[in-house]
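Chain residues, written in single-letter form:
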Amino acid sequence: MNIHHFEEVIAGRAYHIEVTPVSNRWRAQLRRLPGMPTAMMPFYGQTPEEAAQLLTAWLTLAHRRTATNIATAN
């Protein structure tokens, strides 16, 4: 199987992204580690890079929203 790996640092945290082919597109998801379940939905793109970028953009947005919510709560 043709698997692509990407590593992105978002908000100081390293994320390992794994991208695999599914039919005529690519699926990006956080790399599963042994004994560590994930409920994260996959992101799809026409290329491995596009799929990984879509997941990275979503994680960046999620971190930004969390930081904003914490700042406004204080």
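Everything below is about the structure shown above.
Residues numbered from 1 in each chain as written. Predicted model: local features only at pLDDT ≥ 70, side-chain atom pairs only at ≥ 80, totals over all residues. Heavy atoms only, no water.

Trainee: Quick question: what am I supposed to make of the overall build of the protein chain here?
Mentor: Within the protein chain, the secondary structure is distributed over one helix and four strands. When its helices and strands are written in sequence order, the protein chain yields β-β-β-β-α. Counting over 74 residues, the protein chain shows a buried share of 24%. Taking contacts inside the protein chain between residues at least 6 apart in sequence as the whole, the part at least 24 apart equals 27%. For the protein chain, the computed accessible surface area is about 5,300 Å², with 54% contributed by carbon and sulfur atoms. (Helix = DSSP H or I, 4+ residues; strand = E, 2+ residues; numbered from the N terminus. Buried < 20%, exposed > 50% of the residue type's maximum accessible area, 1.4 Å probe, protein only. Contact = heavy atoms within 4.5 Å. Areas by Shrake-Rupley, 256 points an atom, 1.4 Å probe, with all protein chains shown as cover.)

Trainee: How should I be thinking about the packing of aromatic side chains in this particular structure?
Mentor: Each aromatic ring pair is described using two quantities: the centre-to-centre distance and the angle formed by the ring planes. In total, this model carries one aromatic pair according to the counting rule given. Seen from their ring centres, Phe-43 and Trp-58 are 6.1 Å apart, and the 45° between their planes marks the pair as tilted. Of the two residues, Phe-43 sits in strand 4 (residues 43-45) while Trp-58 sits in helix 1 (residues 48-73), which places them 15 residues apart along the sequence. On the basis of relative accessible area, Phe-43 is assigned to the buried category, the value being 13%. A relative accessible area of 38% means that Trp-58 is categorised as partly exposed. Residue placement shows Arg-25 over the ring face of Tyr-44; its charged tip is 4.0 Å from the ring centre. (Phe/Tyr/Trp six-rings, centres within 6.5 Å; stacked < 30°, edge-to-face > 60°. Lys NZ or Arg CZ within 6 Å of the ring centre and 35° of its normal.)

Trainee: I'm lost on the sheet that holds strand 1 (residues 4-10) in this one. Help?
Mentor: If you trace the four strands from one edge of the open sheet to the other, you get 1-2-3-4, paired in antiparallel fashion. Strand pairing shows two members of the sheet lacking a second neighbour, strand 1 and strand 4, which therefore form its edges. Strand-to-strand, the axes of this sheet are offset by a mean angle of 30°, without reference to chain direction. (Pairing = 2+ DSSP bridges. Axes fitted to C-alpha atoms, helices over the stretch in contact; angles between N-to-C directions.)

Trainee: Can you help me understand unusual backbone geometry in this one?
Mentor: One can expect most non-glycine residues to show negative phi and most peptide bonds to be in trans. Positive phi outside glycine occurs at Ala-11, with the angle close to 55°. The class for Ala-11 is exposed, based on a relative accessible area of 66%. Located in the positive-phi region is Ser-23, a residue other than glycine, with phi close to 55°. Mapped onto the fold, Ser-23 is located in the loop between strand 2 (13-22) and strand 3 (25-30).

What is shown is where atoms sit, not what they do.
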